Amino acid sequence: MAVKLHRCKNLWVKGPHPCWTVQKALDDMEIEYEVVQEKWFGGRPSTVEATGQAKFPWIEFDDGSIYREESKDMAARIRAGTLMDAPRREPSPA
C-alpha cells in the first residue's frame, strides 16, 4: 500500500502537532507512504480542492481518493489497521 501524506512543511515539529500525530501512526504501523509538504501559511487551494477544507493532514490513496478526519481519529484508524476502510472523498474530475 503506497499512500501520500499531505502535511505542513514543518517536519521538525513533534508532539501533539496534528501532522506529526498521523505521520507517527503511519511509521509505528510500518505503512509505506510519501510525504507531500504543503504550504503552511496562506491559501491552500490544492488542499481545499481535495478535501473541501484547509486543514492538514490528509491522505491521498493510489486511486486519487482522499481521506481526511481530525488527526487523532486518523491516527486511531491507522493504529487499528483500518486505513484502507476509511471513508474517502473521490478525486475531482480532471
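Residues numbered from 1 in each chain as written. Predicted model: local features only at pLDDT ≥ 70, side-chain atom pairs only at ≥ 80, totals over all residues. Heavy atoms only, no water.

**What to know about the overall build of the protein chain**
Within the protein chain, the regular secondary structure consists of three helices and four strands. Counting from the amino terminus, the protein chain carries its helices and strands in the arrangement β-α-β-α-β-β-α. Its C-alpha atoms give the protein chain a radius of gyration of 12 Å, near enough to 12 Å, the size a compact globule of 94 residues would have. Considering only C-alpha atoms, the protein chain reaches an extent of 35 × 30 × 20 Å along its principal axes. For the protein chain, buried positions account for 38% of its 94 residues. Positive and negative charge centroids in the protein chain, built from 14 and 15 side chains respectively, lie 8 Å apart. (Helix = DSSP H or I, 4+ residues; strand = E, 2+ residues; numbered from the N terminus. Rg over C-alpha atoms; globule rule 2.2 N^0.38 Å. Buried < 20%, exposed > 50% of the residue type's maximum accessible area, 1.4 Å probe, protein only. Lys, Arg positive; Asp, Glu negative; His and termini not counted. Charge placed at Lys NZ, Arg CZ, Asp CG, Glu CD.)

**What to know about the pattern of salt bridges**
Tallying each qualifying case throughout the model produces seven salt bridges. A salt bridge links Arg 79 to Asp 28; the shortest N-O distance between them is 3.0 Å. Here Arg 79 is found in helix α3 (residues 71-80), whereas its partner Asp 28 is found in helix α1 (residues 18-28), with 51 residues between them in sequence. Looking at Arg 79, the relative accessible area reads 39%, which means it is partly exposed. For Asp 28, a relative accessible area of 38% gives the class partly exposed. Residue Arg 68 pairs with Glu 70 through a salt bridge whose shortest N-O separation is 4.0 Å. (Salt bridge = Lys/Arg side-chain N within 4 Å of Asp/Glu carboxyl O.)

**What to know about the confidence of the model for the protein chain**
Confidence along the protein chain averages 91 in pLDDT terms, with 96% of residues attaining 70 or more. Per-element confidence in the protein chain is highest for α3, whose mean pLDDT is 98, and lowest for helix α2 (residues 45-51), whose mean pLDDT is 89. (pLDDT = per-residue confidence, 0-100.)

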